[in-house]
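These are the residues of each chain, in order.
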Amino acid sequence: MTATLHTPPPAAVDDLTDTRVVRRRLGPGRRIRFAFWIGPALALAVWSIGSATGVIKPAILSAPWDVVVAFQDQWVHHDLLGNVLSSLERSVIGLALGVVTGAVLAVISGLSRLGESLIDGPIQIKRSVPTLAIIPLFIAWFGIGQEMKIITIALISLVPIYIHTHNGLRGIDGRYAELAETIGISRGEFVRHIVLPGALPGFLLGMRFAVTSSLLGLVVVEQYNAVAGIGHMITLAEQYGQTDVIVVGLVLYGVFGYCADSAVRLTARRVLAWRQTLEG
Amino acid sequence: MTATLHTPPPAAVDDLTDTRVVRRRLGPGRRIRFAFWIGPALALAVWSIGSATGVIKPAILSAPWDVVVAFQDQWVHHDLLGNVLSSLERSVIGLALGVVTGAVLAVISGLSRLGESLIDGPIQIKRSVPTLAIIPLFIAWFGIGQEMKIITIALISLVPIYIHTHNGLRGIDGRYAELAETIGISRGEFVRHIVLPGALPGFLLGMRFAVTSSLLGLVVVEQYNAVAGIGHMITLAEQYGQTDVIVVGLVLYGVFGYCADSAVRLTARRVLAWRQTLEG
Amino acid sequence: MATDAGRLTTTAEPAVRVRNLHRSFTKDGGVLNGLDLDIAPGEFVALIGRSGTGKSTLLRALAGLDRDVTGHGRIEVPDAVSVVFQDSRLLPWKRILDNVILGLRGADAAERGAKALAEVGLAGRERSWPYQLSGGEQQRASLARSLVREPRLLLADEPFGALDALTRIRMHALLRRLCETHRPAVLLVTHDVDEAIVLADRVILLDAGVVDTDVRVTLANRHRSDPGFAELRTLLLDRLGVTAA
Amino acid sequence: MATDAGRLTTTAEPAVRVRNLHRSFTKDGGVLNGLDLDIAPGEFVALIGRSGTGKSTLLRALAGLDRDVTGHGRIEVPDAVSVVFQDSRLLPWKRILDNVILGLRGADAAERGAKALAEVGLAGRERSWPYQLSGGEQQRASLARSLVREPRLLLADEPFGALDALTRIRMHALLRRLCETHRPAVLLVTHDVDEAIVLADRVILLDAGVVDTDVRVTLANRHRSDPGFAELRTLLLDRLGVTAA
Amino acid sequence: GTEEAGARLELSAALPDQVPSGATLRLGDPQIQAIVGVSGLDKELADAGITVEWANISGGPQSIQAFRADKLDCSAVADIPSLFAAWTGTSTKIVFQSVTVDPLDHPIYKLGVAPGVNVTSLADLRGKRIAYSAGQAQGALVLRVLQKAGLSQKDVQLVELTSTGDSYVTALGAKAVDVAPISAQYQKLFEAKYPGARTIGTGVRDDASTLYCLTSAVEDEKKAAALKVYVAVRTKAWLWANKHPAEYAKAYFQDTQGLSEADAKAVVEIQGDKGIPATWDNAVKRLQATADLLSTEQKHDKLDVTTLIDRRFEKVQADAAGSDVVTGDAA
Ligand SMILES: Nc1ncnc2c1ncn2[C@@H]1O[C@H](COP(=O)(O)OP(=O)(O)OP(=O)(O)O)[C@@H](O)[C@H]1O
Ligand SMILES: Nc1ncnc2c1ncn2[C@@H]1O[C@H](COP(=O)(O)OP(=O)(O)OP(=O)(O)O)[C@@H](O)[C@H]1O
Ligand SMILES: [Mg+2]
Ligand SMILES: [Mg+2]
C-alpha cells in the first residue's frame, strides 16, 4: 500500500492556459449580442432594397423613404402622436383588465375541477368565435364608446393569458404540490408560493400574446366611433387607399409589437433566472 | 437487544377497510367525467334561457330555435355542407402547411443563435401586424385565388406553432442537453429524442392556438373572391342583415373550434402520459 | 386526518398505527401486502429494505400522498407530519432560505430558517438558488426544511444518502439532538445498516411487502466496537441477503 | 476533444491528464484551485471528499460540461466518455429501455439495453416510465445506460448512493466485471470509504480544491477483515476529519 | 391571367371591332356573371372568343387592392371608388354607366333613424349624431344629404363609424347614433328589429352604377376589343334582368347570395329597374359634383372627372340598348 499525502504546491505564478474538453454544443449556445436589432434591421434592409430595385412596387408597399415622409406628414398635420396616445391608452387599460381577469380565472379553473368545468368551456367557445362577429353584441351591451372598446380589448387579451396560465399551472410538477401538502400550508400560500411562480413561465408566454392581441384589437375596435387611434388611422387610410399611411400604421404596430414583445422576453429572462434551461 | 423475526401472518380473509391519511388536496384533483360537455351545455342553457325570457333580444342574438331553423334552411337550400367543406379544406391545408413550417423554423431558430437572429425577428414583426392590413401584399404576390387564401392561413397558424415550439424547446431542462452531449449522439438524434419530445407540450399548446387561428383566418380570407365557405357565408349574411344566418356561422365556428381544441387536449393527455403534473 | 385520537399520547397509544396495509401499482403484484406497524410517540424507527421493496411507498402512505394508488388498510398518524423526500424536492424558483421557511408563520421565520441552514452547514448559502447547490447541499437544505418545522412525526427517506462520512456524523448528531428536544416519532429510511443501528430505537426490515424483521436496539454503547453492534449488524445484513459481510 | 493524442495509449500515456485546474462559481473563492490528476488507461480511481468540495465540479470539467464556468487549466481525456450523473437524469418522456439505449446504434441496441437492464436487476421494467421507478431503481437504470456504452473513460458520480447493501454488492461485482472486460479508466465519486477501498486501484481525496490525499490500494484481500483495509480506512477517514471512527 | 398582353392601344384610338384571339378579361362583376349565366348571354362572349375569369369581388377597397396587384381588369362599383382610385394614384377608366329608373323611388340608401329620435325631414338633422365613414359611399352620401339640407359638417355631429355588414343598423339600434344611412334592403328588417325605428328618404340620387377598369387594361388592344363586346353584353344583361326579375332574383340573390326566395324577390323589387342612359352627360355632371364636394369637405385635390371616364364606350352601350335607352333627367 502506497499512500501519498499531498501538500498543496506553492501557489506558483498561474499558468493561465485553458484547454477544456470541447464537446459539440447541442443546445443553442450563448446569446449573440445585439441580436435584438438583427431582426428589424434585416426586415428594414429587405424592404429598402426591394423598394429601391423595384421588386416591391410602391402601389403594394410604399418605400421606406416615402413612409418617412408620410410619417412626418401625419405627425405634423394629422396629430399622429395623439393617435398613438389614444391607442396606447385603450390597449393598456384593456390589457391590464384582461391580464388580471385572465390570470384570476386561470388560477380558479386550474385549481378546481368544478371551476374548470364552468370557466373553461365558455372561454374556449369565445375564442373560437371571430371577434368581429361578436362586436355587435358588445355594442348592444356597452354602447360604442370607450367602454365597449376597452372591454373588447380586455376580452381579447384575456384569452391568451387564461389559456397559458392555466396550461402552465397544470404543467407544474406534481411533486411540488405533494411537498406543499405535507408542509401544511394554506391554499392562499400554495397559490402564492407554488402555483404562481410555477405557472409564471406560462403566464409570461401568455403575456407575449396578450400584448400583441391588445394592439391588434385596436384595428377592430377603432373602426367603431373612434376619432383617434392607430387602428382608426389605418381604417381610414384603407378606405382612401393611402398605402403610405397604412404602412406608417403597420410600422408603428411592428415597432410597438416588437418592443413590447422584447420587453416581456427580457422580463422573463430576469424573473426566470432560477431556470436552468436551453435558453441559457 | 430484542430481535423479533416476523413470519408473514397467514393471509387472512382481507379486511377491506381503507382509512387513509386525508390531506387537503391542493392540486385540482381528479378529472370530472363528462366535463367536456359542461361548457357547451352551460353556454347553450344561458343562451336558451336568455332568449326565452327575452333578456337576449332576437335583434342582438337570435334564439337557438331560430338558429336551428336557419341551419336547416341553409343546409337544404344553400348548400351549407358545401360551405363547410370548402372552409375546412382551406383551413386544413393551410394549417398543415403552417404547422410543419412553424415547427421546422422553431427548431432551427431554437437550436442556433444565428438561426434565431434571422428567423425570430421577422416572425415577431409579422405577428405584430394586423393580417387584414397585409393581405394586399399577399394578393399582389399570390393572386386572389385559393393559393393566397391557403398561404394566408398557413402564415396565421405558423405563428403560434413557431412561438410555442420555440418557447417549449428553450424551456427544456438544460440537464437533458448535457446528458445528450455526454452520450455523443448526433444533432439529428438530439432533435428527435430530446428536443422534439421535450418541446412537445409547448408544441401542443401552440396547436390549440393554430387550430383556432386557422378557422378564424377564414373570416378574413373568404372576404376575397370566395364563392363558398363559412366565412363567406357570414360576410354575405352580414351584408343582408340575416342575423340568424350569422349565428349559424358562429355556432359552427364554436362547435368546430371547441371540438378541435378538445381533440388537441385529448391528444396531449395521451402523448404526455409521461408527465406527472398537476394536470393529473 | 384519518383519526387523530392517538395524538394526545398516553404512552399506550402509538403515534403511528398501520394495520393490514395493501398498496399495489400493477394488477399482478402488490408492493405492500398487509403491513402492520406501530410507532410509539417519540420513538425512532429505522426502516431498511432492498431497493424497490416499498419503503418510499410506505412513507408516502403515512404522509397521505398516495390517494390514487390502489389498496386498502388502516392508517393513523399524528397531525403534524413532516417529510424529507428521497429527492430533495427544493422548489427551483425559491432561494434556499425561502425553500426552508416555506409556509412557516411568525416574524422569526427567516431567523429560524437561517439557524436551521447553519445547523446543516449551509450558513451563507441562504440566497443561492437550488441549482447552485451540490447534491449533498441540496439534501441538507431539504433536511433543514423538515427539521425547522418541529413535527410530531418525521418521515425521512434516505436523508443522508448523498453525504460524506463527516457530514453524515454531524447530521446524525443534529438529528439526535432535535429528537431529544422535541421527541417526535421518527421513521427513517436508510440503506446504511450501521446508520440504522447508530440512530434508531428500533430497526425494521421490509420485505415482500410486510415487516420481515423488527429489532429493538438496546445497546449500551452505539459504536462499532460494541459486540452487540456487530451481532445486530450481521443479523440485519443476513436478513437483507448479505451473508458474507 | 481538447487533444486526444493520449488516446492511442501506450501505458506511459495517461488516459486522463489534468493540470493546474481552476474553477470557481463566485468571485471570492474557487472550487477547484490548481488541481493536478493523472489516470492511467484501465485504472480505477475512487474520488472521495466532503460534501460541496467540488467532486461533481471536477467530473463535469472532465466531461466537458462546464463551458460557462470561469477558470482555466489543462484537461486531456479520451474520446469515448460516459457519465453517470449524481441525479439519475433519465429522460422523463422515454421509457426505461429507450432511456438506456438512447443514441445507441445497431440492430441489437434494444437487446443490449435489455441485457444491461437485467444486469442491474431491472428485467421486466423495460417499458416503465422513469417516474414509476423507485429511487434506487432509477439510479440503476442510469448506471445501465452508462455501462451499455463501453466507454474508454467512465465518470460516475455516486452511482450507488441510493442502493441497499445487497444490491450495492451486486452492482460492485457488475462494475468490476465490466471493468475487467473493457478496461476503461474509471473515476468514481463515492461517500462510502469502504466502497472506495473495495473497488478502486487508487483512492484520491479532494479538499480545498486540490488533491489532498492520493493512495494506491494494494491489498491482497479487499475485505474488512484484512488489516490493511482497516488501516487504509482509518487513514482516509482521518483525512476526511472523522477521527473517532 | 398569364395570356400574352395585346399591343398598346391609344385611348384616343377607335375601339377595335374584331376581338383578337386569346383575349381574356378578369372581371369582378358577380351580378352580371349570374345574369349572363341564366340568360344565355354567356354564349355571346364565348362566340366572340373571349375568356372571362370571374372573380367574386366588388366594391371599392377590394377592387382597388386587386387593381394594384394587377389581378383584376374591371369591377362593378358605384361612383366613389373611381374617385378614390384617382386620389391614391391608381389610374382607372369608367367604361359603363347605368342608372335606376325612378331613382328616388328606388334608393340604394335610406336614412335610418334610431328609436325615439325625432327626425322626419332632412332639416331635422341639425344637431344630430350621424354615422359617417369618410372613404365609403355612405360617407359621400351623408355629405350630399347635408349639402342638400343646407347644413355643414359643423351643424351636426359626425360619428366616425365604418360600415361593415350591418354595423350601422346595430349602431342605430343601440342608439349610439341618431341617424345613419342604411341600405334600403335593410329597412324592413331594421324597423322590425327595433320598435320605434324609422327610415326616411335621403332625397338625393344615389343610383350611380359603373364598371370601372384599370387604364392599362383599356389600353391593351385585346382587352379593349373584348371590353367593347362585354359592355354590349352587360347592357343586354341588365335589360334582360329588368324583364325577368324572378329569374334574376333566383340566379343572383337566391343562388349566390343565399337569400330566401321571398327575400330575393323583395330585394329585386327594392332595387328597381336599371336604365341605360342614352348619353353619359348627366352622369358625368353628377360625378363631377360629387368629386367637388368630397374635395372640399375631405380636403382632396381637385379632380377633373372626365379623365376617369372612357366615353368611347358610351355609344357601344347605347347601341346595344337600342330603343330601351333612358333619356333626359332620368339619365
Ligand atoms: N408510480 C408508480 N407506478 C408504478 N410502479 C411504481 C410506482 N412507484 C413505485 N413503483 C414500484 O413500486 C416498487 C416500490 O417502490 P418504492 O419507491 O416504494 O421502493 P423503495 O423501497 O423506496 O426503493 P428504493 O430504496 O430504491 O428507493 C418499486 O418496484 C417501484 O418500481
Ligand atoms: N452552478 C453553480 N453556481 C454556484 N455555485 C455552485 C454551482 N454548482 C456548484 N456550486 C458550488 O460549488 C461547490 C462544489 O460543488 P460540487 O457539486 O462540485 O460539490 P460536490 O463535491 O459534488 O458535493 P456533493 O458531494 O455534495 O455532491 C459547492 O459549494 C456548490 O455549492
Ligand atoms: Mg425509495
Ligand atoms: Mg456532487
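Keep in mind that what you see is a predicted model, and the values were worked out from it rather than measured. (Residues numbered from 1 in each chain as written. Chains lettered and ligands numbered in written order. Predicted model: local features only at pLDDT ≥ 70, side-chain atom pairs only at ≥ 80, totals over all residues. Heavy atoms only, no water.)

1. Description of the overall build of chain E
- The number of helices and strands found in chain E is 13 helices and 12 strands.
- Scaling as 2.2 N^0.38, a compact globule of 331 residues should have a C-alpha radius of gyration of about 20 Å, and chain E matches this with 20 Å.
- Over its C-alpha atoms, taken along the principal directions, chain E stretches across nearly 60 × 45 × 40 Å.
- Looking at chain E residue by residue over its 331 residues, the buried ones come to 59%. (Helix = DSSP H or I, 4+ residues; strand = E, 2+ residues; numbered from the N terminus. Rg over C-alpha atoms; globule rule 2.2 N^0.38 Å. Buried < 20%, exposed > 50% of the residue type's maximum accessible area, 1.4 Å probe, protein only.)

2. Quick look at the arrangement of the chains
- By contact count, the dominant pairing among the eight pairs of chains in contact is that of chains A and B.
- For chain C and chain E, which are not in contact, the least C-alpha distance works out to 49 Å. (Contact = heavy atoms within 4.5 Å.)

3. Structural notes on the UniProt feature "domain: ABC transporter" (unreviewed entry) in chain C
- When the UniProt feature table is mapped to this numbering, "domain: ABC transporter" (unreviewed entry) covers residues 16–233 of chain C.
- A helix fraction of 32% and a strand fraction of 26% characterise residues 16–233 of chain C, whose end C-alpha atoms lie 26 Å from each other. (UniProt positions renumbered as here; feature names shortened; annotations may be inferred.)

4. Thoughts on the environment of Gly168(A)
Residue and element names in this part refer to chain A.
- Mapping Gly168 onto the fold places it in helix 6 (residues 146–170).
- Among the residues examined, Gly168 registers a relative accessible area of 14% and is labelled buried.
- Expressed as a C-alpha distance, the spacing of Gly168 and Ala199, which sit 31 residues apart in the sequence, is 4.5 Å.
- Those residues in contact with Gly168, other than ones at most four positions away along the chain, are Gly198, Ala199 and Gly202.

5. Notes on helix 6 of chain A
Residues and elements named next belong to chain A.
- In this model helix 6 runs 36 Å from its N-terminal to its C-terminal C-alpha over 25 residues, within 8% of the 36 Å that 1.5 Å per residue would give.
- Along helix 6, the sharpest change in direction is near 25 degrees and occurs at Leu158; proline Pro160 comes one to four residues later.
- With 20 of its 25 residues buried, helix 6 lies for the most part within the structure. (Expected span 1.5 Å × (residues − 1). Bend = angle between axes of the 7 residues up to and from the residue.)

6. Examining the sheet that holds strand 2 (residues 32–39) of chain D
- Taken together, four strands build an open sheet; the order of strands is 2(A)-4(D)-1(D)-2(D) and the sheet is mixed. Each edge of the open sheet is held by one strand with a lone partner, namely strand 2 (18–19) of chain A together with strand 2 of chain D.
- With six bridges joining them, strand 1 (residues 16–24) of chain D and strand 2 of chain D adopt antiparallel strand pairing. Across the sheet, residue Arg17(D) finds its bridge partner in strand 2 of chain D, namely Asp38(D).
- With respect to the sheet, helix 1 (residues 55–63) of chain D is in contact with strand 1, strand 2 and strand 4 (70–76) of chain D, its orientation differing from that of strand 1 of chain D by roughly 120 degrees. (Pairing = 2+ DSSP bridges. Axes fitted to C-alpha atoms, helices over the stretch in contact; angles between N-to-C directions.)

7. Considering the coordination of the magnesium ion (ligand 3)
All names here are of chain C.
- Looking at the magnesium ion (ligand 3), the protein donor atoms are Ser56 (OG) and Gln86 (OE1), and they sit 1.9 to 2.3 Å from it. Taken together, the residues span a long stretch of sequence, with Ser56 in helix 1 (residues 55–63) and Gln86 in the loop between strand 5 (81–84) and helix 2 (96–100) at a distance of 30 residues.
- Ser56 sits in the partly exposed class, given a relative accessible area of 21%.
- Note on Gln86: relative accessible area 24%, which makes it partly exposed. (Donors = N, O, S within 2.8 Å, 3.2 Å for Na, K, Ca; no water.)

8. Quick word on the pairing of strand 6 (residues 153–157) of chain C
Residues and elements named next belong to chain C.
- Where burial is concerned, most of strand 6 is hidden: five out of the five residues are buried.
- Relative to strand 6, strand 5 is paired through four bridges, and the arrangement is parallel. Among the inter-strand pairings, Val83 is bridged to a residue of strand 6, identified as Leu155.
- Looking at chain direction, strand 6 and strand 7 (residues 185–189) are connected through five bridges and run parallel. Along strand 7, the bridge assignment pairs Leu153 with Ala185.
- Each parallel crossover has a hand, and for strand 6 linked through helix 5 (residues 165–182) to strand 7 it is right-handed. (Right-handed = clockwise from strand over helix to strand, strands pointing away.)

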